[in-house]
Amino acid sequence: MPVCILAIESSCDETAAAVCVDGKILSNEIATQVAHANFGGVVPELASRAHLQHIVPVVALALQKSGVSLDTVDAIAYTQSPGLIGSLLVGGQFAKSLALSLGKPLIAVHHMQAHVLANLIEHPQLSFPFLCLTVSGGHTQLVKCDSPTRMEVIGETIDDAAGEAFDKSAKLLGLPYPGGPLIDQYAKRGRGDRFAFPEPQIAGLDFSFSGLKTSILYFLQNAGKSHAYHPELIATPEEQRSFIETNLPDLCASIQQRIVSILLHKLKKAVVLTGIKNIALAGGVSANSGLRTGITEMAKLNHYTCTIPSLPYCTDNAAMIAITGYHKYLDKQFASLDIRSSAKATW
Ligand code: KG4
Ligand code: ZN
């Protein structure tokens with residue numbers, strides 16, 4: 001019998017729903033919230049309210065586009081964590097109520113496991129084990145994946161995530177939120193070797209981006225004269241603005257090049273330490289063109305196999321929740337439907 005999963009994602013500022021049958025995505029709908037742009041970041045209260053408005057139409061549209069009716073759905077999967085608590089509650093309560101009313105199993109999905117498994121959507125034959133570099137707005141992880149439901153985080157950021165490094169750098173450059181995609185756009189017209197931002201020296205497989213952010217801050221404050229804090233070098237606000245305006249593409253390209261090199265050096269180190277030469281990319285930052293090119297070149301040069309999801313499966317989406325729900329269904333990993341219990345998604 002084919003297995004049909006209805007999936008819901010609401011961890012941050014995207015309300016999304018998808019339907020998959022036997023791991024094949026039939027529909028993948030998303031309502032992106034625009035209300036946050038004016039605030040320079042996601043406002044949790046606005047996000048929860050927007051999820052409440054969007055969730056019913058988005059789920060209805062996903063079902064309609066898939067051609068699947070609710071009574072043929074075998075299980076409801078949803079993002080249990082991590083994410084904004086109010087946003088998670090909207091999707092979680094909706095999924096649980098739906099599962100209870102239909103008498104179907106409920107599957108609690110860990111958002112970061114789902115980002116990794118987004119790779120299986122277009123590459124169902126992807127061979128295990130593989131190493132996944134997961135880079136999103138809130139996380140930066142190196143994950144050793146032994147099977148769809150057995151994964152281990154072997155390295156992660158000790159401070160900011162890669163997405164935060166992009167977004168905070170963009171903010172320093174005066175670009176609107178979320179700045180990551182804008183840095184990517186400007187970088188295409190700039191020289192990445194023009195400004196050499198420092199690479200942090202962190203032991204093992206962990207990452208750090210907060211030092212880079214600080215050095216960018218000082219570099220802009222000093223209008224390009226130094227990466228360090230020198231009160232006597234601080235330029236006037238007009239000089240700082242003019243420095244950014246004149247050099248924006250090169251600044252974006254140089255920042256992007258450094259973030260990408262930090263990520264890829266650690267990924268290569270993980271390959272050497274584990275001996276696993278199948279690598280994959282996941283998470284919103286994997287939409288970055290510099291990172292996609294960099295990882296592809298690294299894989300070619302070192303004879304690794306490399307898998308990268310196409311753009312709609314990099315940033316938050318419900319198809320990745322559906323594919324994860326499908327594998328958890330096969331493993332019979334169901335969440336409790338007892339209304340007194342709260343689920344915890346393990347991975
Ligand atoms: O995975 P995601 O959609 O949401 C989280 O789970 O956090 O990741 C969002 C992050 C944001 O920081 C955004 O700026 C970044 O992904 N991002 C990019 C690009 N597209 C999205 N960063 C750099 N270049 C891009 N093209
Ligand atoms: Zn995400």
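As a convention, each chain's residues are numbered from 1 in the sequence order in which they are written. Each chain takes a letter, starting from A, and each ligand takes a number, starting from 1, following the order in which they are written. Per-residue local features are limited, in this predicted model, to residues with pLDDT of at least 70; the limit for side-chain atom pairs, both in listing and counting, is 80 or more; totals at the level of whole chains, interfaces and linings are taken over all residues. Side-chain measures here rest on the full set of heavy atoms in the structure, leaving out hydrogens and waters.

Q: If you had to explain the environment of Ser-254 to someone new, which residues and values would you point to?
A: Segments assigned H or I by DSSP are reported as helices when at least four residues long, segments assigned E as strands when at least two residues long, and all are numbered from the N terminus. Along the polypeptide, Ser-254 turns up in helix 7 (residues 237–274). Relative accessible area decides the class of each residue, using a 1.4 Å probe on protein chains only: under 20% of the type maximum gives buried, over 50% gives exposed, and in between gives partly exposed. According to the relative accessible area criterion, Ser-254 is buried, its value standing at 1%. For the pair Ser-254 and Cys-4, spaced 250 residues apart in sequence, the C-alpha to C-alpha distance is 45 Å. Ser-254 has contacts with Arg-191, Gly-192, Arg-194, Phe-195 and Phe-197, leaving out every residue within four places of it along the chain. Only 3.1 Å separates the side chain of Ser-254 from the backbone nitrogen of Phe-195, close enough to count as a polar contact. Every residue pair with non-hydrogen atoms within 4.5 Å of one another is taken to be in contact. Polar contacts, as used here, are pairs of N or O atoms within 3.5 Å; protein pairs need one atom able to donate a hydrogen and one able to accept it. Residues neighboring in sequence count only if both atoms are side-chain atoms.

Q: Give a description of the sheet that holds strand 8 (residues 150–156) that names residues and reports values.
A: Strand pairing requires that DSSP identify at least two bridges connecting the strands. Taken in spatial order, the 5 strands make up an open sheet running 8-7-6-9-10, and their pairing is mixed. Looking at which strands have only one partner, the edges of the open sheet turn out to be strand 8 and strand 10 (305–307). Sheet twist, expressed as the mean angle between neighbouring strand axes with direction ignored, is 25 degrees. Across 4 bridges, the pairing between strand 6 (residues 130–135) and strand 9 (residues 278–282) is parallel. Its bridge partner lying in strand 9, Leu-133 is registered against Leu-281. Structural elements are reduced to axes, namely lines fitted to C-alpha atoms, with helices fitted over the stretch in contact, and the angle between N-to-C directions of any two is expressed from 0 to 180 degrees. Of the strands in this sheet, strand 6, strand 7 (140–147), strand 8, strand 9 and strand 10 are in contact with helix 3 (residues 111–122), which crosses strand 6 at around 120 degrees.

Q: Residue-level account of the nonpolar core, with values.
A: Residues belong to a common nonpolar core when they are buried Ala, Val, Leu, Ile, Met, Phe, Trp, Tyr or Cys residues joined through side-chain atoms within 4.5 Å. Grouped together as the largest cluster of nonpolar side chains are 48 residues, with contacts concentrated most on Leu-133, Leu-173, Phe-209, Leu-251, Leu-263 and Ile-279. Looking at this core, the elements that each hand over two or more residues are strand 6, helix 4 (162–172), helix 5 (180–187), helix 6 (210–221), helix 7, strand 9 and helix 8 (289–302). The biggest single contributor to this core is helix 7, with 15 residues. Leave out the neighbours within four places in its chain, and Leu-251 touches Leu-173, Phe-195, Phe-197, Phe-219, Leu-220, Phe-243 and Ile-244. Residues Ala-114, Cys-145, Ala-280 and Met-320 belong to the second largest nonpolar core, which totals 33 residues.

Q: Break down the site of ligand 1 for me, citing the residues and quoting the values.
A: Near ligand 1, the surroundings consist of 19 residues, among which Gly-137, Asp-167, Asp-184, Gly-284 and Asp-316 are the closest. Within the side chain of Asp-167, a nitrogen or oxygen atom sits 2.6 Å from an oxygen atom of ligand 1. Residue Gly-284 places a main-chain N or O atom 2.9 Å away from an oxygen atom belonging to ligand 1. Calculation on ligand 1 without its partners gives an accessible area of 550 Å², and the protein chains cover 87% of this total. Near, as used in this document, describes a residue that has one of its heavy atoms within 4 Å of the molecule or strand being considered. Accessible surface is estimated by sampling points in the Shrake-Rupley manner with a 1.4 Å probe; for residues, cover comes only from the protein chains shown.

Q: Can you explain the sheet that holds strand 2 (residues 14–21)? Please cite residues and give values.
A: Pairing within the open sheet is mixed, and its 5 strands lie in the order 3-2-1-4-5. Because the sheet does not close on itself, it has two edges, and the strands there are strand 3 (24–32) and strand 5 (106–110). Recorded for the sheet is a direction-independent mean angle of 20 degrees between the axes of neighbouring strands. Examined bridge by bridge, strand 1 (residues 4–9) and strand 4 (residues 75–81) share 4 bridges and lie parallel to one another. Within strand 4, the residue paired with Ile-5 across the bridge is Ala-75.

Q: Tell me about the packing of aromatic side chains, and name the residues and values.
A: Aromatic rings from Phe, Tyr and Trp, with only the six-membered ring used for Trp, were paired whenever their centres fell within 6.5 Å, and each pair was classed as stacked if the ring planes differed by under 30 degrees, edge-to-face if by over 60, and tilted otherwise. Going through the model one piece at a time under the given rule, you end up with 8 aromatic pairs. For the pair Phe-128 and Phe-130, a centre-to-centre distance of 5.2 Å together with 45 degrees between the ring planes defines the contact as tilted. The class for Phe-128 is partly exposed, based on a relative accessible area of 28%. An aromatic cluster is defined as three or more aromatic residues linked by ring pairs; in this entry it consists of Phe-195, Phe-197, Phe-219 and Phe-243.

Q: So what's going on with helix 1 (residues 44–66)? Residues and values would help.
A: Residues spaced three or four apart along an α-helix face the same direction, because each turn holds 3.6 residues. The end-to-end C-alpha distance of helix 1 is 31 Å, a good match for the 33 Å that 23 residues give at a rise of 1.5 Å each. When the local axis directions of helix 1 are compared, the greatest deviation, roughly 40 degrees, occurs at His-54, which is followed within four positions by the proline Pro-57. Looking at the buried residues of helix 1, the elements they touch are strand 1, strand 2, strand 3 and helix 2 (85–102). Looking one or two residues beyond helix 1, the residue adopting positive phi is Gly-67, at roughly 75 degrees. Here the expected span of a helix is defined as 1.5 Å times the quantity of residues minus one. Note that bend, as reported per residue, equals the angle between axes fitted to the 7 residues terminating at that residue and the 7 residues originating from it.

Q: Would you mind going over the pairing of strand 1 in detail, with residue names and values included?
A: In summary, the side chains of a regular strand alternate between the two faces of the sheet. Across the 6 residues that make up strand 1, a large majority, 6, are buried. Side chains Cys-4, Leu-6 and Ile-8 project from strand 1 onto one buried face, and the interleaved Ile-5, Ala-7 and Glu-9 project onto a second face that is buried too. Across 6 bridges, strand 1 lies against strand 2 in antiparallel orientation. In the strand pairing of strand 2, Glu-9 is matched with Ala-16. The loop that links strand 1 with its antiparallel partner strand 2 comprises 4 residues.

Q: How would you summarise the domain arrangement of the protein chain if you had to cite specific residues and measurements?
A: Taken domain by domain, the protein chain comprises domain 1 (4–118 + 317–330) and domain 2 (125–312). These domain limits were set by an automatic method or by a database of domain assignments. Inter-centroid distance (C-alpha atoms) of domain 1 to domain 2 is 28 Å. Taken together, the contact between domain 1 and domain 2 spans 13 residues of the former and 17 residues of the latter. Note on definitions: buried area is the accessible-area loss of two parts on being combined, 1.4 Å probe, summed for both. Broken down residue by residue, the surface that domain 1 buries against domain 2 is led by Met-112, His-115 and Val-116, which jointly contribute 43%. Salt bridges are identified by distance alone: a Lys or Arg side-chain nitrogen within 4 Å of an Asp or Glu carboxyl oxygen. Linking domain 1 to domain 2 there are 0 salt bridges. The tally of links between domain 1 and domain 2 comes to 1 residue pair in polar contact (both at pLDDT 80 or more). Mapped by element, the contributors of at least two residues to the side of domain 1 that touches domain 2 are helix 3 and helix 9 (319–330).

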